[in-house]
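Understanding the architecture of this molecule
For reference, the chains in residue letters:
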Amino acid sequence: MTTYRRSIALTLTTLATVLVTAASAEVIVYPKAGQSAEAFQQDQVQCHQIAQQNTGFNPAQAAAAPPPPPPQQGGAARGAARGAAVGAVGGAIGGDAGKGAAIGAAAGAVGGRMRQNQANRANAQMAQQQQAQQQSGMQAYDNSYAACMAQRGYQPK
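Only a predicted model underlies this, so the values are computations on that prediction, with no experimental measurement involved. Position numbers for residues start from 1 in each chain and track the written sequence from start to end. Note on the predicted model: pLDDT of at least 70 is required for a residue's local features to be given, and 80 or more for side-chain atom pairs to be given and counted; whole-chain, interface and lining totals, by contrast, use all residues. Hydrogen atoms and water are omitted, and side-chain values are computed over all heavy atoms in the structure.

**Quick look at the packing of aromatic side chains**
Threshold: Pairs were defined over the aromatic rings of Phe, Tyr and Trp, the Trp ring being its six-membered one, requiring ring centres within 6.5 Å. Orientation was assigned from the angle between planes: stacked under 30 degrees, edge-to-face over 60, tilted for the rest. Note on conventions: DSSP H or I runs of at least 4 residues are helices, E runs of at least 2 residues are strands, and numbering of each starts at the N terminus. Buried means the residue's accessible area, taken with a 1.4 Å probe over protein chains only, is under 20% of the maximum for its type, while exposed means over 50%, and partly exposed covers the values in between. Geometrically, a lysine NZ or arginine CZ counts as sitting over a ring once it is within 6 Å of the ring centre and also within 35 degrees of the ring normal.
Applying the stated criterion across every chain, the model contains three aromatic pairs. Relative to Tyr-141, the ring of Phe-57 has its centre 6.4 Å away and its plane inclined at 55 degrees; by these criteria the two rings are tilted. Of this pair, Phe-57 sits in the loop between α2 (37–55) and α3 (75–94) while Tyr-141 is found in helix α4 (residues 97–151), placing the two residues 84 residues apart along the sequence. For Tyr-141, a relative accessible area of 0% translates into the label buried. Arranged with centres 6.4 Å apart and planes meeting at 5 degrees, the rings of Tyr-141 and Tyr-145 form a pair that is stacked. On the criterion of helical spacing, the pair formed by Tyr-141 and Tyr-145 is a turn pair, its members being four residues apart in helix α4. You'll find Tyr-141 and Tyr-145 in the same group, each marked buried. Ring-pair connections join several aromatic residues into one group, and the members of that group are Phe-57, Tyr-141 and Tyr-145. Here the guanidinium or amino end of Lys-32 rests over the ring plane of Tyr-154, the centre of that ring lying 4.8 Å away.

**So, the nonpolar core**
Rules: Among the buried residues, those of types Ala, Val, Leu, Ile, Met, Phe, Trp, Tyr and Cys that are joined through side-chain atoms within 4.5 Å form a nonpolar core.
Val-29, Tyr-141, Tyr-145 and Met-149 are the most contacted members of the largest nonpolar core, which totals 13 residues. Those elements giving two or more residues to this core turn out to be α2 and α4. In terms of residue count, the dominant contributor to this core is α4 (six residues).

**Observations regarding the side chain of Ser-144**
Threshold: By the convention used here, residues are in contact when the closest approach between their heavy atoms is within 4.5 Å.
Summarising the element assignment, Ser-144 is placed in helix α4. When neighbours within four sequence positions are excluded, Ser-144 is seen to be in contact with Ile-50, Ala-51, Asn-54 and Thr-55.

**Description of the pattern of salt bridges**
Going by this rule: Every case where a carboxyl oxygen of Asp or Glu lies within 4 Å of a side-chain nitrogen of Lys or Arg is listed as a salt bridge.
Inspection of the entire model under this criterion finds one salt bridge. With a shortest N-O distance of 3.0 Å, Asp-43 and Arg-152 are connected by a salt bridge. Of this pair, Asp-43 sits in helix α2 while Arg-152 sits in the segment after α4, placing them 109 residues apart in sequence. Of the residues examined, Asp-43 reaches a relative accessible area of 14% and is grouped as buried. Taking relative accessible area as the criterion, Arg-152 reaches 26% and is therefore assigned partly exposed.

**So, the state of the cysteines**
So the rule is basically this: Criterion for a disulfide: a pair of cysteine sulfur atoms at a distance within 2.5 Å.
This structure, assessed with the given rule, holds one disulfide. Bridging Cys-47 to Cys-148, the disulfide has an S-S length of 2.1 Å. On the S-S bond that ties Cys-47 to Cys-148, the torsion sits near -70 degrees, and the link is left-handed. With Cys-47 in helix α2 and Cys-148 in helix α4, this residue pair connects regions lying 101 residues apart in the sequence. The exposure classification of Cys-47 matches that of Cys-148, with both residues buried.

All we've got here are geometric facts, nothing functional implied.
What follows is the structure, encoded as structure tokens:
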């Protein structure tokens, strides 16, 4: 009776692993003619394990890349405030604090906007790199899984 329960538990665990992993895999493999479902599942599980070992990628644990942080806003206003403060000090030394503040605010706004845009571009680039790494890992995993199944006589598609 204990062996029967272990067999059922192993079959359910195997099926769950195959379903979770196959849900994200792009490789399609059908059982051989006359092959039992258990033999097919064993081959699938073994090839999934081999593919994970070969690539270090587990599609069941691969999370979607986190969304990039929202674009930064307010860079121009912060830059203008800083620039106005610096410009007012410089203008006061030159005799016209108001004019210095206005020039400083304009220059600060431009600088703040440029820093904000640079940060937004860097965040977008980081998100693209994470997505590319995810796709690369999945492609390597799929290739390894397909090669393993092909070595066992299947015709992966």
